[in-house]
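Examining the three-dimensional arrangement
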Amino acid sequence: MRDEKPLTDEAEKVAAQTVWKKCLDIIRDNINPQSFKTWFEPIVPLKLVDEEITIQVPSQFFYEWIEENYYTLLKRTIIDVIGRDAKLTYSVVVQQSPVEPVTVRLPQQPTEPPAVREIKTSRVALDFYKSNVHRYESYLNPKYVFDSFIKGDCNALAFAAAKSIAETPGKNTFNPLVLYGGVGLGKTHLAQAIGNAVRARQKAEMILYVSCEKFTLDFVNAIQTNRRSEFSAFYRNVDLLIIDDIQFFADKEKTQEEVFHIFNTLHQANKQIVLTCDRPIKELRGMEERLLSRFAWGLSADLQPPDYETRLAILQKKMEDNGASLPRDVIEFIATNVVSNIRELEGCLIKLMATASLHGCEIDLTLAKTVLKDIIRDRTVNITLEMIEKVVCDYYKLSPNDLKGKSRKQELALARQIAMFLGKTLTHSSFKTIGLHFGGRDHSTVIHAVNTIEKGQNESPEIRKDVEELKKRLEILAL
Ligand code: ADP
Ligand code: MG
């Protein structure tokens, strides 16, 4: 790879554009549309000299990714289009962000003349920051760094993109970066690792990690105390904004509107945005379309449950970090049996170490089997109807009164039936007890609910997904 100066010769540029367009036509037919959009659309053809084409890519990571994943396809395509001696040169050009101060327009007050007041963001934001500083101090957990994150096939793209962003926050095509995946798979860890790395390398001044709930609470609070414009200004002044679990923005219209404006300001100013979500953006419900379309602008990278090798590596690493050393067969036993997520893996390790130190005994396979019996064989042992009620209410965003009440609204009825179904399958409660717990209902209602959901799981992928997710959450809660 060579670094090239921006081209000067118009003819070479036009030639490059023509040739590159033909290449793209071939490439487009050979890879999926999302990959094409992510990796090929941002490329700019710079010049064609003899049989050497120079293309501009937005970052070092970008170049490496293309070389690693699309080398053969690119080589074949370029030879097809240009000829046997074709050569490809990359030019890595990282775009600079504008340095102009961001301004914010305050909403008009009814008592004021209809002029728009313009103020510098920084001063107002600073005031807000000062009065809230105690709440923004400890937002990054120093434990969540790249070094303690194990890379595997299950998280390769997410990990690579996160590292790349930490190198060049805001100055890459991954804006926003959306990390998505199920519970306990490392979204928060990775998102915070970006923040910690950027902070350590002083690549950005103001880094803010905030959970969706905290953002929402602060926003509501700002409105109630007449400080909305300060809140907005504060967020618009951030250089790296990480918002965790954006699925919780669902149905919160005012908050979404605020996020939309903050997003626009930051994005335009080339400030980096990192979001995490428990599902792909396109599966989010209760969100404004314009917000969703912006969330899809950058790169979405998923985190999958870890495979066996990755589970082993994670256990090994956690053991080292805890200064413990477990026999190989114990580690293998846990890695074989705990498959769904990483928080659970950790939970097993901690429980085992705690028991061993409590009883002053060595950790061996027999101890592991005894201690982890509940978790591994029958994780449902600790699940109660109260836990089911809580998890179902959280998941569907209902109050216990909704769940137990008389309303026959479809979504309430479904949540209620799923709760009863889980009650029957995950606890040893009788139909009668379950009926009483969920709003004093008759045992025949419970039987009907169980049958409905059993059937529903086969017929509706959505019901199946909900039930699986709820079971997973309950198992974790019961650890
Ligand atoms: P999520 O936000 O996706 O629910 P977390 O980021 O909270 O998950 O991860 C749960 C736990 O698992 C954390 O303690 C985290 O450090 C750990 N963890 C997750 N993924 C990895 C990984 N790849 N390597 C090491 N630890 C991990
Ligand atoms: Mg999380």
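Note that the structure is predicted; figures quoted are calculated from it, not measured. Every chain is numbered on its own, with residues counted from 1 as its sequence reads. Lettering for chains starts from A, numbering for ligands starts from 1, and both go in the order in which the items are written. Owing to the predicted nature of the model, reporting of local features is limited to residues with pLDDT of at least 70; listing and counting of side-chain atom pairs is limited to 80 or more, with chain, interface and lining totals taken over all residues. Based on all heavy atoms of the structure, the side-chain values leave hydrogens and waters out of the count.

1. Structural notes on the packing of aromatic side chains
Centres within 6.5 Å are what make two rings of Phe, Tyr or Trp a pair, Trp counting through its six-membered ring; a difference in plane orientation under 30 degrees is then read as stacked, over 60 as edge-to-face, and the rest as tilted. Within this structure, the stated rule accounts for 14 aromatic pairs. Both rings, one in Phe40 and one in Tyr70, keep their centres 5.3 Å apart while their planes meet at 70°; by these two values the pair is edge-to-face. Within this pair, whereas Phe40 is found in helix α2 (residues 33–40), its partner Tyr70 is found in helix α3 (residues 60–82), the two being separated by 30 residues in sequence. Residue Phe40 shares its accessibility class with Tyr70, and that shared class is buried. Here the aromatic residues Phe215, Phe219, Phe231, Phe234, Tyr235 and Phe249 are joined through ring pairs into a cluster of three or more. Between Arg290 and the ring centre of Phe260, over which it is positioned, the NZ or CZ distance is 3.7 Å. Segments assigned H or I by DSSP are reported as helices when at least four residues long, segments assigned E as strands when at least two residues long, and all are numbered from the N terminus. Only protein chains enter the calculation, and the probe is 1.4 Å; a residue is then buried if its accessible area is under 20% of its type maximum, exposed if over 50%, and partly exposed in between. To sit over a ring, a charge needs its Lys NZ or Arg CZ within 6 Å of the ring centre and within 35 degrees of the ring normal.

2. What to know about the packing of helix α7 (residues 212–224) against helix α9 (residues 253–268)
Axes here refer to lines fitted to C-alpha atoms; in helices the fit is confined to the stretch in contact. Angles between the N-to-C directions go from 0 to 180 degrees. Here α7 crosses α9 at 100°, and the two axes come no closer than 10 Å. In terms of orientation, α7 lies roughly perpendicular with respect to α9. Seen from α7, the contacting residues are Phe215, Thr216 and Phe219; seen from α9, they are Lys254, Thr255, Glu258, Val259 and Ile262. By residue class, the composition of the contact of α7 with α9 is 4 nonpolar, 2 polar and 2 charged. Orientation categories follow fixed angle ranges, with anything under 35 degrees roughly parallel, anything over 145 roughly antiparallel, 65 to 115 roughly perpendicular, and all other angles oblique. Working rule for contacts: check all heavy atoms of both residues, and any pair within 4.5 Å makes them a contact. Polar here means any residue outside two lists: the nonpolar Ala, Val, Leu, Ile, Met, Phe, Trp, Tyr, Cys and Pro, and the charged Asp, Glu, Lys and Arg; Gly therefore counts as polar.

3. Quick word on helix α13 (residues 342–359)
To estimate how far a helix should reach, multiply one less than its number of residues by 1.5 Å. If you check α13, its first and last C-alpha atoms are 26 Å apart, about what 18 residues at 1.5 Å a residue would give, namely 26 Å. Listed as buried for α13 are Ile342, Glu344, Leu345, Cys348, Leu349, Leu352, Met353, Thr355 and Ala356. Between the side-chain oxygen of the N-cap and the backbone nitrogen of Arg343 there are 2.8 Å, and the N-cap of α13 in question is Asn341. Backbone geometry just after α13 places Gly360 at a positive phi near 60°. Counted as a polar contact is a pair of N or O atoms within 3.5 Å, where, for protein atoms, one must be capable of donating a hydrogen and the other of accepting one, and residues adjacent in sequence contribute only when both atoms are in side chains.

4. Some details on the site of ligand 1
A single heavy atom is enough: if one lies within 4 Å of a molecule or strand, its residue is considered near that molecule or strand. Not every one of the 18 residues close to ligand 1 is listed here, only the nearest: Ile150, Gly184, Thr188, His189 and Arg343. Between ligand 1 and the protein, one listed contact pairs an oxygen atom with a backbone N or O atom of Leu185 at 3.2 Å. Lys187 places a polar side-chain atom, nitrogen or oxygen, 2.8 Å from an oxygen atom of ligand 1. Against a free-state accessible area of 550 Å², the protein chains account for coverage of 95% of ligand 1. Sorting the residues of the shell around ligand 1 by element identifies α6 (187–200), α11 (308–321) and α13 as the ones contributing at least two each. The domain boundaries here were taken from an automatic or database domain assignment. When residues of the shell around ligand 1 are sorted by domain, at least three fall in each of domain 2 (114–303) and domain 3 (308–371). Here the accessible surface of atoms and residues is derived via Shrake-Rupley with a 1.4 Å probe, and residues count as covered only by protein chains that are part of the display.

5. Focus on helix α20 (residues 443–459)
For α20, with 17 residues, the first-to-last C-alpha span of 24 Å sits near the 24 Å given by 1.5 Å per residue. For α20, every residue scored as buried is listed here: Val446, Ala449, Val450, Ile453, Gly456 and Gln457. Considered in projection along α20, the buried side chains sweep an arc of 135° and stay on one side of the axis. Facing away from the buried side of α20 by more than 90 degrees, the exposed set consists of Lys455, Asn458 and Glu459. Taken together, the buried residues of α20 touch α18 (410–426), α19 (431–437) and α21 (461–477). Throughout, the arc means the angular range of directions from the helix axis out to the C-beta atoms.

6. Observations concerning the sheet that holds strand β8 (residues 240–244)
Within the open sheet, the 5 strands sit side by side as β7-β8-β9-β6-β10. Their pairing is parallel. Each of the sheet's edge strands pairs with one partner strand only, and the pair in question is β7 (207–211) and β10 (299–303). Recorded for the sheet is a direction-independent mean angle of 15° between the axes of neighbouring strands. Paired strands, as defined in this entry, are two strands with at least two bridges between them according to DSSP. The pairing of β7 with β8 spans 5 bridges and is parallel.

7. So, the pairing of strand β9 (residues 272–277)
Burial analysis of β9 places 6 of its 6 residues in the buried class, which makes it a mostly covered element. Burial along β9 is two-sided: Gln272, Val274 and Thr276 and Ile273, Leu275 and Cys277, pointing in opposite directions, are all buried. In the sheet, strand β6 (residues 177–181) pairs with β9 via 4 bridges, with the strands oriented parallel. Each residue of the ladder has a partner; that of Leu179, found in β9, is Thr276. Both β8 and β9 contribute to a ladder of 4 bridges, which runs parallel. In the sheet register, Leu240 faces β9, and the bridge partner there is Gln272. Every crossover in which the path from the first strand over the helix to the second runs clockwise, viewed with the strands pointing away from the viewer, is termed right-handed. For the crossover from β8 across α9 to β9, the handedness is right-handed.

8. Thoughts on the nonpolar core
Residues grouped as a nonpolar core are buried Ala, Val, Leu, Ile, Met, Phe, Trp, Tyr and Cys residues, joined through side-chain atoms within 4.5 Å. Counting 87 residues, the largest nonpolar core has Trp20 and Phe40 as its most contacted members. The residue makeup of this core includes at least three contributed by each of domain 1 (4–108) and domain 2 (114–303). Beyond its immediate stretch of four places on either side in the chain, Trp20 contacts Ile27, Phe40, Ile43, Pro45, Ile53, Ile55 and Leu74.

Read these as spatial facts, not as claims about activity.
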